[in-house]
Amino acid sequence: MRSMASSTSAKGIAAIVGVGPKLGRSIARKFAHEGYTVAILARDLGRLSRFADEIAREEKSQVFAIRIDCSDSRSVREAFEGVLSLGFVEVLVYNAYQPVSWHPTNFADIKMDSFEKSLAVSSLGAFLCAQQVIPGMVEREKGTILFTGCSASLNGIAGFSELCCGKFALRALSQCLAREFQPLGVHVAHIIIDGVIGPPRGPSASKRGLVGEQQQSGVGGEGAAVMMMDPDALAQTYWHLHVQDRTAWTQEIDLRPSITRFY
C-alpha cells in the first residue's frame, strides 16, 4: 500500500476495484484525468503499484495502490480503511472477476471451491465493497456505483455455470441497490460488456482513423474474427454514467463492438 496521506482534491475519491492492464487501468486513468484522486485495488500489489506510478505520472494526479482480495471480508474491510482515509469516496467502480477458462467446463467436473470462489469475487465482493461506501454517499446525497457485467449477466451459457451465476447475482445486486438508494442521491448502474476487450489503441491508432480492429480469437468459434473493444473507449462510458444528470440516470447499459455476434 502506498502512503495514505489525505487527498487535497476538491473532488471525492474514485475507488476502482479490479484493476488489471486493460479496462480497470483505463477507467482509473480516465477518472485521474478528470481531476479525481484515485484508489486502485487488486490482488497483485506489485503490478498495481506500477499502474499507480504510471497513471500518476501521465495524468499529474494522486493515485494510490491498495491490495484487496474481494472474496475475503477481512481483506475488503482493511483495504477500505485505507481508501476511506483518503476522503469521501464519491465513485466506486466494481470491476473484479474470477478468471475462468474460455473453454466450457462440464458441470459434473466443476469443483465446489472453484464455484464458490467465482461467486464470492463476482457478487460477495461487490456487496462488501458497496457496504463500505454507501453510508458516506447517502450522508452527502451523492455518489456513483458502477458494476461491470458481461453477456453472462443476461444469459445462462452451457459450460459456464461459475461465471453466469456470479454475474447474475451481481446484476441483481445492482438493481436492488438502485431501487433502494437512487432516491437518496446515489446513482447505481450496471455495465454489460458484450465483447472481448483488447489493449488500448492509443492516440496513434486514433490518428490513423481506426474505429476498431478485427483480430483472430478463439472466442465464438475457432479462428473467428472478433473486433476487439478498446478499454479507453469503454472507460469513456463509465465517466459519462458518473456525470449524468440525475433527471436522466441510466441503470443498465450494454456495450459491444460494431462487428459482433448477438446472442
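Predicted, not measured: the structure shown is a model, and the values here were computed from it. Residue numbers run consecutively from 1 along every chain, following the written order of its sequence. With the structure being a predicted model, the display of local features is reserved for residues of pLDDT at least 70 and the display and counting of side-chain atom pairs for 80 or more, all residues being used for whole-chain, interface and lining totals. Calculated side-chain values reflect all of the structure's heavy atoms, with hydrogen atoms and water omitted.

Undergrad: Please explain the packing of helix α3 (residues 73-85) against helix α4 (residues 112-140) as it appears in this structure.
TA: Each pair of packed helices can be summarised by the angle the axes make with each other and by the distance between the axes. Where α3 contacts α4, the two axes come as close as 10 Å, and the packing angle between them is 35°. Read as a crossing pair, α3 and α4 show a hand that is right-handed. Of the residues in α4, those in contact with Ser73, Val76, Arg77, Phe80 and Leu84 of α3 are Leu128, Cys129, Gln132 and Val133. Here the residues of the contact of α3 with α4 are counted per class, giving 6 nonpolar, 2 polar and 1 charged. What counts as an axis is a line fitted to C-alpha atoms, over the stretch in contact for a helix, and the angles between N-to-C directions run from 0 to 180 degrees. Strands here are runs of E lasting at least two residues and helices are runs of H or I lasting at least four, both read from the DSSP assignment and numbered beginning at the N terminus. Here a crossing is called left-handed whenever its near helix is offset anticlockwise from the far helix by less than a right angle, and right-handed whenever the offset is clockwise. The contact criterion used is simple: two residues touch if any of their non-hydrogen atoms lie within 4.5 Å. Charged residues are taken to be Asp, Glu, Lys and Arg, nonpolar residues to be Ala, Val, Leu, Ile, Met, Phe, Trp, Tyr, Cys and Pro, and polar residues to be all remaining types, Gly included.

Undergrad: How do you make sense of the sheet that holds strand β2 (residues 37-42) when you look at a structure like this?
TA: The strands making up a sheet associate through backbone hydrogen bonding, with each pair oriented either parallel or antiparallel. At least two DSSP bridges between two strands are required for those strands to pair. The parallel open sheet is built from 7 strands, whose spatial order is β3-β2-β1-β4-β5-β6-β9. With one partner strand each, in any of the chains shown, β3 (63-67) and β9 (252-255) form the two edges of the open sheet. Sheet twist, expressed as the average angle between the axes of neighbouring strands with direction ignored, equals 15°. Two elements, strand β1 (residues 13-17) and strand β4 (residues 89-94), share 5 bridges in a ladder whose sense is parallel. Of the residues in β4, the one forming a bridge with Ile16 is Val93. This element, helix α5 (residues 161-181), spans β5 (143-150), β6 (186-193) and β9 of the sheet and lies at about 155° to β5.

Undergrad: Explain the packing of aromatic side chains here, please?
TA: Planes of paired rings set the category: under 30 degrees apart is stacked, over 60 is edge-to-face and the rest tilted, where pairs are Phe, Tyr or Trp rings (Trp by its six-membered ring) whose centres lie within 6.5 Å. Overall, the coordinates contain 3 aromatic pairs when judged by the stated rule. Both rings, one in Phe31 and one in Trp239, keep their centres 5.2 Å apart while their planes meet at 75°; by these two values the pair is edge-to-face. Here Phe31, found in helix α1 (residues 23-33), pairs with Trp239, found in helix α7 (residues 231-242); they are 208 residues apart in sequence, far enough to count as distant. With respect to class, Phe31 is no different from Trp239; both count as buried. Taking the relative accessible area as the measure of exposure, Trp239 reaches 11% and is therefore buried. Within the aromatic cluster, the residues linked to one another by ring pairs are Phe31, Tyr36 and Trp239. Each residue is placed in one exposure class: buried if its accessible area under a 1.4 Å probe, protein chains only, is under 20% of its type's maximum, exposed if it is over 50%, and partly exposed if it falls in between.

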